[in-house]
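Take a look at the letters that make up each chain.
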Protein chains: 2
Amino acid sequence: MSSQPSHSTLLIPGPIEFDDAVLQSMSHYSESHVGPAFVSTFSEALSMLRKLFQTTDPASQPLVVSGSGTLGWDLVAANLAEPGDEVLVLHTGYFADSFADCFETYGSKVTQLKAPIGSRPQLPEIEKALKEKKYKLLTVTHVDTSTGVLSELKALSELVHRISPETLIIVDGVCSVGSEEIDFDGWKLDGVLTASQKAIGCPAGLSISMYSGRAIETFKARKTPPGSYFASFKNWLPSKLMFLYLQEISGDVLTIEIVMQNYEAKKPSYFATPSPQLIHALHTALTQILSKPLSERFAAHREISQKIKKAVTDLDLKQLASNPADQANGMTAIYLPEGVKAPELLPNLFKKGVIFAGGLHKEIAPKYIRVGHMGVSVMDPKRGDIDRAIKSLEAGLSEAGYTKA
Amino acid sequence: MSSQPSHSTLLIPGPIEFDDAVLQSMSHYSESHVGPAFVSTFSEALSMLRKLFQTTDPASQPLVVSGSGTLGWDLVAANLAEPGDEVLVLHTGYFADSFADCFETYGSKVTQLKAPIGSRPQLPEIEKALKEKKYKLLTVTHVDTSTGVLSELKALSELVHRISPETLIIVDGVCSVGSEEIDFDGWKLDGVLTASQKAIGCPAGLSISMYSGRAIETFKARKTPPGSYFASFKNWLPSKLMFLYLQEISGDVLTIEIVMQNYEAKKPSYFATPSPQLIHALHTALTQILSKPLSERFAAHREISQKIKKAVTDLDLKQLASNPADQANGMTAIYLPEGVKAPELLPNLFKKGVIFAGGLHKEIAPKYIRVGHMGVSVMDPKRGDIDRAIKSLEAGLSEAGYTKA
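Residues numbered from 1 in each chain as written. Chains lettered and ligands numbered in written order. Predicted model: local features only at pLDDT ≥ 70, side-chain atom pairs only at ≥ 80, totals over all residues. Heavy atoms only, no water.

Under the convention used in this document: UniProt positions are given in the numbering used here, feature names are shortened, and annotations may be inferred rather than shown by experiment.
Named according to an unreviewed UniProt entry, chain A is alanine--glyoxylate transaminase originating from Hymenoscyphus albidus. According to the UniProt record, the Sequence similarities (unreviewed entry) comment for chain A reads "Belongs to the class-V pyridoxal-phosphate-dependent aminotransferase family." What UniProt states about chain A under its Cofactor (unreviewed entry) heading is, verbatim, "pyridoxal 5'-phosphate".

Focus: the overall build of chain A
Rules: Note on conventions: DSSP H or I runs of at least 4 residues are helices, E runs of at least 2 residues are strands, and numbering of each starts at the N terminus. Our radius of gyration is a C-alpha quantity, and the globule rule it is checked against amounts to 2.2 Å times the number of residues to the power 0.38. Burial classes follow relative accessibility: with a 1.4 Å probe on protein chains only, a residue under 20% of its type's maximum area counts as buried, one over 50% as exposed, and anything between as partly exposed. Contact criterion: two residues are considered in contact whenever any of their non-hydrogen atoms come within 4.5 Å of each other. With residues, only the protein chains shown are counted as cover, and all accessible areas are computed by Shrake-Rupley using a 1.4 Å probe. We treat Lys and Arg as the positive residues and Asp and Glu as the negative residues; His and chain ends play no part in the count. To locate a charge, take NZ of a lysine, CZ of an arginine, CG of an aspartate or CD of a glutamate.
The secondary structure content of chain A amounts to 14 helices and 14 strands. Relative to a compact globule of 405 residues, whose C-alpha radius of gyration would be 22 Å, chain A shows 22 Å and is just as compact. Considered along the principal axes of its C-alpha atoms, chain A spans approximately 70 × 55 × 35 Å. Within chain A, buried positions represent 65% of all 405 residues. Partitioning the contacts of chain A with sequence separation of at least 6, the portion at a separation of at least 24 is 74%. Total accessible area on chain A is roughly 14500 Å²; 55% of this is exposed by carbon and sulfur atoms. With 40 positive and 44 negative side-chain charges, chain A shows a separation of 3 Å between the mean positions of the two kinds.

Things to note about unusual backbone geometry
All names here are of chain A. Looking along the chain, the bond that leaves Gly14 and enters Pro15 is cis, with omega of -5 degrees. Here Pro15 shows up in the loop between strand S1 (9-10) and helix H1 (20-26). Of note, Gln54 is a non-glycine position whose phi angle comes to about 55 degrees, a positive value. Its relative accessible area of 24% is what places Gln54 among the partly exposed residues.

Structural notes on helix H2 (residues 36-52) of chain A
All names here are of chain A. The test is simple: Given the number of residues in a helix, its expected span is that number minus one, multiplied by 1.5 Å.
Given a rise of 1.5 Å per residue, 17 residues ought to cover 24 Å, and the 24 Å separating the end C-alpha atoms of H2 matches this to within 8%. H2 sits mainly inside the fold: twelve of its 17 residues count as buried. Looking only at H2, the buried set comprises Pro36, Phe38, Val39, Thr41, Phe42, Ser43, Ala45, Leu46, Met48, Leu49, Arg50 and Leu52. Backbone geometry just downstream of H2 places Gln54 in the positive-phi region, at approximately 55 degrees.

Quick word on the pattern of salt bridges
Oppositely charged side chains can form a pair if their charged atoms are brought close together. All names here are of chain A. We count it as follows: Salt bridges, as used here, are contacts in which a Lys or Arg side-chain nitrogen is within 4 Å of a carboxyl oxygen on Asp or Glu.
The tally for this structure, following the rule as stated, stands at 34 salt bridges over all chains. With a shortest N-O distance of 3.6 Å, Lys133 and Glu86 are connected by a salt bridge. In this pair, Lys133 sits in the loop between helix H5 (123-132) and strand S5 (137-141) while Glu86 sits in strand S3 (residues 86-91), placing the two residues 47 residues apart along the sequence. You can call Lys133 partly exposed: its relative accessible area is 35%.

What to know about the state of the cysteines
Keep this limit in mind: Disulfides are defined as cysteine sulfur pairs within 2.5 Å.
Tallied over the full model, the rule gives zero disulfides over all chains. Its sulfur unpaired, A:Cys102 is 16 Å from the next cysteine sulfur, which belongs to B:Cys102. In this structure A:Cys102 comes out as buried when scored by relative accessible area, which is 0%. Note on A:Cys202: no disulfide assigned, nearest cysteine sulfur contributed by B:Cys202 at a separation of 15 Å. Taking the relative accessible area as the measure of exposure, A:Cys202 reaches 0% and is therefore buried.

Considering the relation of the copies chain A and chain B
The line we're drawing: Overlaid copies result from least-squares superposition on C-alpha atoms, with residues included only where pLDDT is at least 70 in both.
You can overlay chain A on chain B at an RMSD of 0.0 Å; the transform is a turn of 180 degrees with a shift of 0.0 Å along its axis. Both chain copies can therefore be described as sitting about a two-fold axis. Relative to the rotation axis, the closest C-alpha in chain A is found at A:Gly67, a distance of 2.1 Å. Both copies present the same face, since 100% of the interface residues in chain A are matched by interface residues at the equivalent positions in chain B.

Description of the packing of aromatic side chains
All names here are of chain B. Formally: In this scheme Phe, Tyr and Trp rings, the latter by its six-membered ring, pair at centre separations within 6.5 Å, and the angle between planes marks the pair as stacked below 30 degrees, edge-to-face above 60, and tilted otherwise.
For the structure on display, the rule yields 16 aromatic pairs over all chains. A centroid spacing of 5.7 Å and a plane angle of 45 degrees characterise the contact between Phe38 and Phe42, whose relative ring orientation is tilted. On the criterion of helical spacing, the pair formed by Phe38 and Phe42 is a turn pair, its members being four residues apart in helix H2 (residues 36-52). As far as the burial class goes, Phe38 and Phe42 line up, both buried. Ring geometry for Phe99 against Phe103: centres 4.8 Å apart, planes inclined by 20 degrees, an arrangement best described as stacked. Residue Phe99 and its partner Phe103 are located together in helix H4 (residues 94-105), separated by four residues, close to a single helical turn. In this pair, the class of Phe99 matches that of Phe103, namely buried.

Some remarks on the pairing of strand S10 (residues 206-211) of chain B
Residue and element names in this part refer to chain B. Our working definition: At least two bridges found by DSSP between two strands is the condition for calling them paired.
With respect to burial, S10 is a largely interior element, six of its six residues being buried. Residues Leu206, Ile208 and Met210 point to one face of S10 and Ser207, Ser209 and Tyr211 to the other, with burial holding for every one of them. With six bridges connecting them, strand S2 (residues 61-66) and S10 associate as antiparallel partners. Across the sheet, residue Val65 finds its bridge partner in S10, namely Ser207. Relative to S10, strand S9 (residues 191-195) runs antiparallel, the two being bridged by five bridges. Within the sheet, the bridge partner assigned to Thr194 lies in S10 and is Ile208.

Quick notes on the side chain of B:Ser32
Residues and elements named next belong to chain B. Here is the rule we go by: We call two N or O atoms a polar contact when they sit within 3.5 Å, provided that within protein one can donate a hydrogen and the other can accept it, with sequence-adjacent residues counted only if both atoms are side-chain atoms.
Tracing the backbone through its elements, the reader meets Ser32 in the loop between helix H1 (20-25) and H2. We classify Ser32 as buried; its relative accessible area is 5%. Of note is the side chain of Ser32, whose polar atom sits 3.1 Å from the backbone nitrogen of Val34.

Section: the packing of H2(B) against helix H10 (residues 276-289) of chain B
Residue and element names in this part refer to chain B. Which entries qualify depends on this criterion: The axes used here are C-alpha line fits, helices contributing only the stretch in contact, and every angle between their N-to-C directions lies in the interval 0 to 180 degrees. Working definition: roughly parallel below 35 degrees, roughly antiparallel above 145 degrees, roughly perpendicular at 65 to 115 degrees, and oblique for all remaining angles. Two helices cross in a left-handed way if the nearer one is turned anticlockwise from the farther one by less than a right angle. They cross in a right-handed way if the turn is clockwise. Here the nonpolar group is Ala, Val, Leu, Ile, Met, Phe, Trp, Tyr, Cys and Pro; Asp, Glu, Lys and Arg are the charged ones; every other residue, Gly included, is treated as polar.
It is at 9 Å that the axes of H2 and H10 come closest, and there the two elements cross at 40 degrees. The angle between H2 and H10 falls in the class oblique. For the pair H2 and H10, the sense of crossing is left-handed. For the pair H2 and H10, the contacting residues are Phe38, Thr41, Phe42, Glu44, Ala45, Met48, Leu49 and Leu52 in the first and Pro276, Ile279, His280, Leu282, His283, Leu286, Thr287 and Ile289 in the second. Partitioned by chemical class, the residues of the contact of H2 with H10 number eleven nonpolar, four polar and one charged.

Quick look at the interface of chain A and chain B
Defined as follows: Once two parts are brought into contact, the accessible area they lose, counted with a 1.4 Å probe and summed over both, makes up the buried area.
Each partner contributes to the interface: chain A provides 72 residues, whereas chain B provides 72 residues. Summed over both partners, the interface of chain A with chain B comes to about 5200 Å²; 66% of that surface belongs to carbon and sulfur atoms. For the pair chain A and chain B, the number of links is zero salt bridges. Joining chain A to chain B, the criterion identifies 14 residue pairs in polar contact (both at pLDDT 80 or more). Elements with a minimum of two residues in the side of chain A that touches chain B: H1, helix H3 (71-79), helix H4 (94-105), helix H8 (238-247), helix H10 (276-289) and helix H12 (342-352) of chain A. Sorting elements by how many residues they give to the side of chain A that touches chain B places H4(A) first, with five residues.

Observations regarding the sheet that holds S5(A)
Residue and element names in this part refer to chain A. The sheet built from seven strands is open, its strands ordered S2-S10-S9-S8-S5-S3-S4 with mixed pairing. In this open sheet, the two strands that pair with only one neighbour each are strand S2 (61-66) and strand S4 (109-114). When the angles between neighbouring strand axes are averaged without regard to direction, this sheet yields 20 degrees.

Observations regarding the UniProt feature "binding site: substrate" (unreviewed entry) in chain A
According to UniProt, the feature "binding site: substrate" (unreviewed entry) maps to A:Arg370 in the numbering used here. Within the secondary structure, A:Arg370 sits in strand S14 (residues 368-372).

Okay, structure coming up:
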């Protein structure tokens, strides 16, 4: 079946298991990062990202930069906020704290709206907060990898557009893009940042994001220069890109010109030395994702998520996200039963062939574990990953002495 | 021979051609970024980097971060300089301008010491500059990719230590690490930054750097917080790393403990979500590099460089770097003869099976081309890359109507 060597199945909330074809694309022979063949691959990947984010607005701007998911925070905080700007961070776990830190690094004033562990700030509180102060940006973690809490974006966006229409809506979609629906245009989002190694299904190393025309205008209207060099939108302005492409041509000139016209039409403003191999893998992953209607993909993630959550409930275990409406479809965070310790359970699960993750929320880290169910593990049932995960969890808990009440 | 599909040989000053085994490592099956197997691979890669940089001082600190080479500038400018600090940038081409921009983004005051195109600032001028002002840092581009000019580090460092011993010496080694000798300890350097895709021979996507104990102390003594979030050394402090490793264990606990002890002993302060696949490829590339004495590697690069430069001279062509002592050993920048245009020559060379790069220095970009000769193209003569490069250049120029005077 798979051309990969036998290994325990990686079912943490990212990195996830990767498809054979994606991994094969990682070993693509070396190409010039400015040659026509690679530029064409990159251009197609950017176009496919528009489809994944469901944006047809030509003003929308995809960005793909070498870096980890964390870099997405810098892209937002260094380009869309200026020192002194007010930012409202909706907190559903560990990653909101870090995004807040990032904003403060670049001089923003951050207000965090925190919910109890396992839940999310409610619309009335958010409305109250938006009425108390004028916020330049609001950020929401679509799925917080530390808690498995899912935020609802559509109603949130409607609220923000109603109460504070100038506020930019920024979504941390690191653990959601590819497993949860994101209707960038329909929900009037201004920025969604993610990483390659989760539900998109491409190895780690790419920061991927999408910005609205309004976000780009906000950047252009800055009164101060961006606070970061590597993460500065300035470094991807068309003029600079065009200069470098023209100077560093290393292939067929006619093709280069066509690429440049495409570039003009599509307005991709990316510039930095990309990783051709990672971009090839991203291209393959996106091609696979878009080979089926997105609605099918999201339905499959919901269905598998329900299957896992039912198994958890059948075991008499509780999730961190107690309200079903707040539960992510690509991961599940599960409280361990009394007496079962992660440092004993996880290695035993590893021996049974599945890798789960420990807790990450610092207040309760030793008390829970996390299971990722995204990408090929969901979309390719022949792999048997999900059934193996459930059976291993049942057996592992039993061997740890747990019997349900 | 090679398991790669047939393709034109990439002989630009990075990315370079990659060895089969390195590319195969890129398609490694998915692993947890915090699991013991991957942590062990990463730890070994960091140890091998110490050998490549020739540092045995335990206070030296290697860093490997997902990102492009550019990110290395942010690492230096955001962590080792504070707003208002004076920085002396030695200019040998395009990349010094960009490094200076990066420093200014983070608030440093930059003085550039520029040399005419094709040469480098001389020691007496540098001495004069160091006596005029107190500089917190001095930066030098070891090989400027835009001009092929090689800087001499040993005498430079001796000068700086004699005239201004508190000044940190920072080397942009993006186009030199792996093809030019760097004696980090012996030359008392404080920071060397590079990227994976040039002479190290690992696909693009990793920012690689080494800092002296003195540089780390300078960071710790900061009066202001670092100006970047993603590039902040703060995010790789041991305490945070240790917390996350302990919380997110996903394998055998005993092994984790051993890794933690290794970590204590080796003091690797790296933290961010790394790319396991890229780190595996880096591990393979470094293993290959260190399988022979480094002196042999550098001698091979000098020898091949001489061969290419002799062919250029035999064709009656001039290099940008007119003084042989200023010529890089991993690339050659060549002025085109009157009447030969890069946008016609380069595609013709592509058809002959070799990819060269156009000019990059904005003042003279259309007037020259660049050839990279690093890594496997130098170390594996069976590939025939260098002979094909020389023959193709001769034929391409001839077909463009050039005959030597």
